[in-house]
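# Structure at a glance
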Amino acid sequence: MTDEKKSTSEWPLWEVFIRSKAGLDHKHAGSLHAADAAMAIENARDTYTRRMEGVSIWVVESKYIHASNPDESGALFEPANDKIYRHPTFYDLPDEVKHM
Amino acid sequence: MEGNPNNEIPNTKMKNALLNYTLSLADNASVMSHRLGEWCGHGPVLEQDIALTNISLDDIGQARSLYQYAAEQLNNMPTTEKTNLFSDMMLNAKIAAGENLDEDDLAYLRDAWDYRSLLLVEQPNKDWAYTIARSFYYDAFMQLFYKGLQNSKDDRLKGIAEKSLKEVTYHLRWSSEWIIRLGDGTDESHQKIQTAINDLWMYTGEMFKMTDTDKAMAVAGIGVDLAGLHKDWLNNIKNIFTQATLQLPTDIWMQDGGKEGHHSEHLGYILADMQFLQRTYPGLDW
């Protein structure tokens, strides 16, 4: 089946984000097919929250996600490798400061 | 237990009515669950396969709670009162031997004429449209029913109703959306769902028909006035059909009998599937 045919006969792909409990971030849980946003949320409920994984669902059609190019990962991410001073590990912390 | 309304049920007749009522609700959930479970691995898309089996598992959960309650009622009855309640030999042998019954005995060892489920729920899956139409009629009814049963004077039924209402509210949302999608979809989907809602229409009257058991339970404040639910049910499904551009069926003739054990041949096949193992290897566990 060509991509063009596929896109007219199959439901679009959606990315699903689940918040596991109040106060936490929505995290990517996976993807699924659905005809529209309402069905995507229901399908996400049935597919990704069956074991009490979530209290809130976000869905976004996959085509709206823009991703970085893996071929460019060298240029994008490697320059950070030798910048250890960007980690806050060079400060002397007083003992009184907890949870750092 | 002091204060438990079950102990206030005065006589054998009322005890039998409560038992039949509980079994009838359990059988609906169990047969519906089985029908939806038949889709497992055959759903039109993976996501809907999972949706159906989720709903099926909700129904199994409801059936279990209700069968457990029915088994407790039976176990609390003196043997003399329960020797002739069922027609099945294996079940009656257990009762005669004074054995305590459990949920599995009631699901697997009662034959079709002891099943008190609606004719609607045993109707075959056929295709997606029939499956959706059957669920929609049933879910729209059960949502109203469980709302009513939340006011039951029987604590157990009240508790089961409260838990189940949340489940069935989702089931109804799911089946309603499918009715709208198919009705307001393509010409083919519209025609298929219209045919399905027309064909299953004649099994909807039974949901509101009150048997002697239903009447006794409603009068006692334990059960729900089924006839009283009809108007709301009709309004609710009309509303969805309008959104779906579907015609409300107009046939007046209704088929009933399931609640009194008069079933179509379909239930026999379902029970053969469900009960084969327990009947061939009694007590088999896994």
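Conventions adopted
- Just so you know, the residues in each chain are numbered from 1, in the order the chain's sequence is written.
- Written order determines the labels here, with chains lettered from A and ligands numbered from 1.
- Per-residue local features of the predicted model are confined to residues with pLDDT of at least 70, and side-chain atom pairs are confined, for both listing and counting, to 80 or more; whole-chain, interface and lining totals are unaffected and use all residues.
- Here the side-chain values reflect all heavy atoms present in the structure, with hydrogen atoms and water set aside.
- Elements are defined by DSSP. Helices are runs of H or I of four residues or more, strands are runs of E of two residues or more, and each kind is numbered from the N terminus.
- Here the globule rule reads 2.2 Å times residues to the power 0.38, and the radius of gyration is calculated from C-alpha atoms.
- The buried label applies to any residue whose accessible area, calculated with a 1.4 Å probe on protein chains only, is under 20% of its type's maximum; exposed applies above 50%, and partly exposed to all values in between.
- In what follows, a contact means two residues having at least one pair of non-hydrogen atoms within 4.5 Å.
- In this description, accessible areas are obtained by the Shrake-Rupley approach with a 1.4 Å probe, and a residue is regarded as covered only by the protein chains that are shown.
- By convention, a stacked pair of Phe, Tyr or Trp rings (six-membered ring in the case of Trp) has centres within 6.5 Å and planes under 30 degrees apart, an edge-to-face pair has planes over 60 apart, and any other such pair is tilted.
- Two conditions define a charge sitting above a ring: the NZ of Lys or the CZ of Arg must be within 6 Å of the ring centre, and it must be within 35 degrees of the ring normal.
- We treat two strands as partners when DSSP finds at least two bridges between them.
- Fitting a line to C-alpha atoms yields each axis, with helices limited to the stretch in contact; the angle taken between N-to-C directions then spans 0 to 180 degrees.
- Joining two parts hides part of their accessible area as seen by a 1.4 Å probe, and the buried area is that hidden amount summed over both.
- Throughout this description, the term salt bridge denotes a Lys or Arg side-chain nitrogen within 4 Å of a carboxyl oxygen of Asp or Glu.
- Only Asp, Glu, Lys and Arg are considered charged in this grouping, and only Ala, Val, Leu, Ile, Met, Phe, Trp, Tyr, Cys and Pro are considered nonpolar; every other residue, Gly among them, is considered polar.
- Each nonpolar core is a collection of buried residues, namely Ala, Val, Leu, Ile, Met, Phe, Trp, Tyr and Cys, held together in the definition by side-chain atoms within 4.5 Å.

## Remarks on the overall build of chain A
Regarding its fold elements, chain A presents three helices and three strands. Against the 2.2 N^0.38 benchmark of 13 Å for 100 residues, chain A shows a C-alpha radius of gyration of 21 Å, more extended than a compact globule. Seen along its three principal axes, the alpha-carbon backbone of chain A occupies a region of about 60 × 35 × 15 Å. Evaluated residue by residue, chain A yields a buried proportion of 20% over its 100 residues. Sequence separation of 24 or more characterises 42% of the internal contacts of chain A that already satisfy a separation of 6 or more. Surface summary for chain A: the accessible area is close to 8,100 Å², and the carbon and sulfur share equals 55%.

## Looking at the overall build of chain B
Counting its regular elements, chain B contains 12 helices and zero strands. Overall, chain B shows an N-to-C arrangement of helices and strands of α-α-α-α-α-α-α-α-α-α-α-α. Relative to the 2.2 N^0.38 estimate, which gives 19 Å for 286 residues, the radius of gyration of chain B is 19 Å and therefore close to what a compact globule would have. Dimensions of chain B, computed from the C-alpha atoms along their principal axes, are close to 60 × 40 × 30 Å. Every one of the 286 residues in chain B was classed for burial, and the buried ones make up 53%.

## Digging into the packing of aromatic side chains
Enumeration over the complete set of coordinates arrives at 15 aromatic pairs over all chains. Centroid distance B:Trp128 to B:Trp174: 6.1 Å. Interplanar angle 85°. Geometry classified as edge-to-face. Of this pair, B:Trp128 sits in helix 7 (residues 128–149) while B:Trp174 is found in helix 8 (residues 155–183), placing the two residues 46 residues apart along the sequence. In textbook terms, an aromatic cluster arises when at least three aromatic residues are bridged by ring pairs, as seen for B:Tyr21, B:Phe136, B:Tyr137, B:Phe141, B:Phe145, B:Tyr146, B:Trp201, B:Phe208, B:Trp233 and B:Phe241. Directly above the ring of B:Tyr170 sits A:Arg45, whose terminal nitrogen or CZ lies 3.5 Å from the centroid.

## Some thoughts on the environment of B:Pro282
With respect to the secondary-structure elements, B:Pro282 resides in the segment after helix 12 (265–280). For the pair B:Pro282 and B:Gly98, spaced 184 residues apart in sequence, the C-alpha to C-alpha distance is 17 Å.

## As for the sheet that holds strand 1 (residues 13–19) of chain A
Two modes of strand pairing occur in sheets, parallel and antiparallel, and in both the strands are linked by backbone hydrogen bonds. Residues and elements named next belong to chain A. Across the sheet, three strands lie side by side as 2-1-3; this open sheet has antiparallel pairing. Looking at the sheet topology across the chains shown, the edges are occupied by strand 2 (26–33) and strand 3 (56–61). Direction aside, neighbouring strands of the sheet carry axes that sit 25° apart on average. Relative to strand 2, strand 1 is paired through seven bridges, and the arrangement is antiparallel. Following the sheet pairing, Leu13 is matched in strand 2 by His33. Lying over the sheet, helix 2 (residues 37–48) contacts strand 1, strand 2 and strand 3, oriented at roughly 110° with respect to strand 2.

## Overview of the interface of chain B and chain A
With 12 residues of chain B at the contact, the number on the chain A side is 13 residues. Summed over both partners, the interface of chain B with chain A buries about 1,200 Å², with 47% contributed by carbon and sulfur atoms. Three residues, B:Glu47, B:Tyr170 and B:Arg181, lead the burial of chain B against chain A; their summed loss comes to 46% of the area buried on that side. Linking B:Arg173 and A:Glu42 is a salt bridge whose minimum nitrogen-to-oxygen distance equals 2.9 Å. Of all elements in the fold, only helix 2 (46–75) and helix 8 of chain B reach the threshold of two or more residues within the side of chain B that touches chain A. Per-class residue counts for the side of chain B that touches chain A are six nonpolar, two polar and four charged.

## Things to note about the pattern of salt bridges
One pass over the full model with this rule turns up 17 salt bridges over all chains. Here A:Asp46 and A:Arg45 are joined by a salt bridge, their closest N and O atoms 2.7 Å apart. Judged by its relative accessible area of 0%, A:Asp46 falls in the buried class. Connected via shared salt-bridge partners are A:Asp36, B:Glu177 and B:Arg181.

## Digging into the nonpolar core
Among the nonpolar cores identified, the biggest contains 98 residues, and B:Tyr137, B:Phe145, B:Ile179 and B:Trp233 are the most heavily contacted of them. In this view, B:Trp233 contacts B:Tyr137, B:Ala140, B:Phe141, B:Leu144, B:Trp201, B:Thr204, B:Met207 and B:Phe208; residues no more than four positions away in its chain are not counted.

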